[in-house]
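Chain residues, written in single-letter form:
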Amino acid sequence: MLFRQTLFSMGLAVASCFACMVPASAQINVEINQASAREFRVALPDFNANTPEAQALADQITAIMRNDLRSTGLFDLLTPDSFIQQDLSVLVQPRFADWRIIDTESLGIGEVEIMDDGRMRVAFRLWDTAQEQEHLLSGRRGRQYVTTSENLRRVAHVLADDIYTSLTGDEGYFDSRIVFIAESGPRTARVKRLAIMDQDGANAEFLTNGQHTVLTPRFSPSDQTITYMTYERGRPQVYLFDIETGRSEALGQFQGMTYAPRFSPDGNSVIMAQADNGNSDIYIMDLNSRRRTRLTDHPAIDTSPSMSPDGDEIVFTSDRGGTPQLYVMNRDGSMRTCPSGGRDVACRITFGSGRYSTPVWSPRGDLIAFTRQANGRFYIGVIEPDGEGERLLTEAYLDEGPAWSPNGRVIIFFREDRPGASPALYTVDLTGRNLRRLNTPGDASDPAWSPTLR
Amino acid sequence: MKNKMFKLVSVAGIALALGACASNPPVEEEVAVTTPPPVRDTTPPPVRDEVVTSREVVQGPPPGTVQDFIVNVGERVYFDTDRYNLDADDMAVLNRQAAWLQAYPTVRIMVAGNCDERGTREYNLGLGERRANSVKDYLVSRGISADRIETISYGKERPIDGRSTPEAWEVNRNSHTQIVSGQVG
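Here's what I pulled together on the structure shown here. Here the structure is a predicted model, which means the values were calculated and not measured.

Calculation criteria
Residues numbered from 1 in each chain as written. Chains lettered and ligands numbered in written order. Predicted model: local features only at pLDDT ≥ 70, side-chain atom pairs only at ≥ 80, totals over all residues. Heavy atoms only, no water. Helix = DSSP H or I, 4+ residues; strand = E, 2+ residues; numbered from the N terminus. Rg over C-alpha atoms; globule rule 2.2 N^0.38 Å. Buried < 20%, exposed > 50% of the residue type's maximum accessible area, 1.4 Å probe, protein only. Contact = heavy atoms within 4.5 Å. Areas by Shrake-Rupley, 256 points an atom, 1.4 Å probe, with all protein chains shown as cover. Lys, Arg positive; Asp, Glu negative; His and termini not counted. Charge placed at Lys NZ, Arg CZ, Asp CG, Glu CD. Phe/Tyr/Trp six-rings, centres within 6.5 Å; stacked < 30°, edge-to-face > 60°. Lys NZ or Arg CZ within 6 Å of the ring centre and 35° of its normal. Pairing = 2+ DSSP bridges. Buried area = accessible area lost by both parts, 1.4 Å probe. Salt bridge = Lys/Arg side-chain N within 4 Å of Asp/Glu carboxyl O.

## Regarding the overall build of chain A
Link 1 in the chain: Scanning chain A from terminus to terminus reveals three helices and 34 strands.
Link 2 in the chain: Relative to the globule expectation of 22 Å for 454 residues, the C-alpha radius of gyration of chain A, 24 Å, shows essentially globular dimensions.
Link 3 in the chain: Residues classed as buried in chain A amount to 57% of the 454 residues present.
Link 4 in the chain: For chain A, restricting intrachain contacts to residue pairs at least 6 apart in sequence, the fraction spanning at least 24 positions comes to 47%.
Link 5 in the chain: Surface accessibility of chain A: about 17800 Å² in total, with carbon and sulfur atoms responsible for 45%.
Link 6 in the chain: Across chain A, the centroid of the 46 positively charged side chains sits 4 Å from that of the 59 negatively charged ones.

## Here we look at the packing of aromatic side chains
All names here are of chain A.
Link 1 in the chain: If you walk through the whole model with that rule in mind, you get 16 aromatic pairs over all chains.
Link 2 in the chain: Plain terms: the ring middles of Tyr 228 and Phe 241 are 6.5 Å apart, the flat faces sit at 70° to each other, and that makes the pair edge-to-face. Separated by 13 residues along the polypeptide, Tyr 228 in strand β13 (residues 225–233) and Phe 241 in strand β14 (residues 235–242) bring together distant segments of the chain. Of the two residues, Tyr 228 and Phe 241, both sit in the buried class.
Link 3 in the chain: Its guanidinium or amino end placed over the ring of Phe 206, Arg 193 lies 3.6 Å from that ring's centre, counting from NZ or CZ.
Link 4 in the chain: For Arg 320, the ring lying beneath its charged end belongs to Tyr 327, and the centroid distance is 5.4 Å.

## Quick look at unusual backbone geometry
Most peptide bonds are trans, and most residues other than glycine sit at a negative phi.
Residues and elements named next belong to chain A.
Link 1 in the chain: Not every positive phi belongs to a glycine, and Asn 277 is a case in point at roughly 50°.
Link 2 in the chain: Relative to the helices and strands, Asn 277 resides in the loop between β17 (269–276) and β18 (279–286).
Link 3 in the chain: Located in the positive-phi region is Thr 358, a residue other than glycine, with phi close to 45°.
Link 4 in the chain: When you line up the elements, Thr 358 lands in strand β26 (residues 355–361).
Link 5 in the chain: Using a relative accessible area of 5% as the deciding quantity, one classes Thr 358 as buried.

## Some details on the pairing of strand β27 (residues 368–374) of chain A
Residue and element names in this part refer to chain A.
Link 1 in the chain: Within β27, seven of the seven residues are buried, leaving the element largely enclosed by the surrounding structure.
Link 2 in the chain: Here β26 runs beside β27; their pairing, made up of five bridges, is antiparallel. From the neighbouring strand, Ser 357 faces β27, where its bridge partner is Thr 371.
Link 3 in the chain: Between β26 and β27, which pair antiparallel and follow one another directly, the connecting turn spans six residues, one of which, Gly 365, has a positive phi of 90°.

## Regarding the interface of chain A and chain B
Link 1 in the chain: Each partner contributes to the interface: chain A provides 44 residues, whereas chain B provides 29 residues.
Link 2 in the chain: Taking both partners together, chain A and chain B bury about 2800 Å²; carbon and sulfur atoms supply 49% of that area.
Link 3 in the chain: Looking at the side of chain A facing chain B, the largest losses of area belong to Arg 187, Thr 188 and Ile 301 of chain A, adding up to 21% of the total buried there.
Link 4 in the chain: At the surface where chain A touches chain B, the tally comes to eight salt bridges.
Link 5 in the chain: As a salt-bridge pair, Lys 156 of chain B and Glu 400 of chain A come within 2.7 Å of each other at their nearest N and O atoms.

Structure follows, in structure tokens:
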């Protein structure tokens, strides 16, 4: 399948003619956490090409890269009509003064060549026009890919990731995918299918046929596997879906309902809720031995578990205090000193008005995203694992089910913006400013992000 | 709305409990009160279609059939927001369900717990499971073998009223008792 094909990456050999250039300086970082984060002024002129056919590929690549960068809200992409220097080449250092005068901070130069064997060669370099030096891309001066043109979109995403990483200091996330539930039909007879698409909405495809309701898919952090819940055998059960083979399997056969699955950060386990005789508790299953361990034993509903990146802690939803709230416990079940006082196996961390649920630990470890319901409205927010620093990022008639981008900088969720509205996918950054709706084929809910594909 | 529905249904239920099949209230009235007009019920159709004769139209569905259960006993009980406890109205319906299940001992049922849309998917799956088990536990307490009762939670996935209104939420918070096998006819 497409994503399995290897991209051939090599240092840009031709870059050696600039071996005399000054070494890379300290990276310029964009402060994403500040609401006043300035946009980074980037020029990304159309790539050069050796034939009209190559030019068509080049134009697609630059369009995809610009769209990726714009979607973050962090980059101001300068309009081509303001460009002074037109004779750009990936082999030649640009005239920095021509770019500084139009306030360019970074300049990306690329070219596309269709080679004799029909493959496509894409070369790209990124320049710091203020410091008059080259930005390193994954530690190299420039990037070059030789691949077939069907990998065009991935090459574009990888290059956009290079720019993002080079300028912000954070891992890029454009070369990634979104798994979600595609919905159709009337609300009283909804058809729900497992679906997947690129992070930018391209290449959407269905993974199940809609015969059975499927819910809450989540990506493995380590391979091309999805865990989700399905009514396939009548009783709701947690399943695994292998994207490469298209095969699915039940994750054990239990008397009660299993639901709300998520992979552990190492990808070796699935943590989930299981209901026996009406009572839901948290369990974890080792995927190799298929051995299952019970983690909570409480008459309340315990559900929606999510593990910290180091695997030592678990955040989950419980109504043991009367309403659904977020609780944090140790993976080994040992006692904790709770931030709100006292010692307990599980410490409540949310105390605002209303109800909190669907917690998801950021891959960076610093924040937990959640759905909050108060005063008849729904909110997506983040809170620190000790219950400090709660911030609400979105509000709507229904906002539900946050999931993190692989770098922990963006949250994807689904929204019904008014009563009776169809669900759609949205992304928002941690400032809450950059709210965007994603295009999906039809209605969509329950999004989850893949790890970056490399 | 909830109370009105159940009081009227209870009248029909008492008639049944007394064995007064011949004196059942007119069918039209029962249908009118057990099916609130705006509600579109999309639960799967009965396991098999009834063969309705003119005599049965007058006298109501034949005893022991799925239609008999739906019309004369009541297939749903309704819950308050976030709650899974049973009130007196619910118990009246479930007492009739228990009596009916005693009368037809080969019948097996599936109790499905449902929630309104004003909660998150995963929490509602847990809540629906609780609601289904509240009904199961009550029926067991009334002498019905637990072996005859399966439960399932649909969370907020199966609303019977697709609108986003308080009236819709009220009917969508329910436990639905469905006959899966062993019925007459």
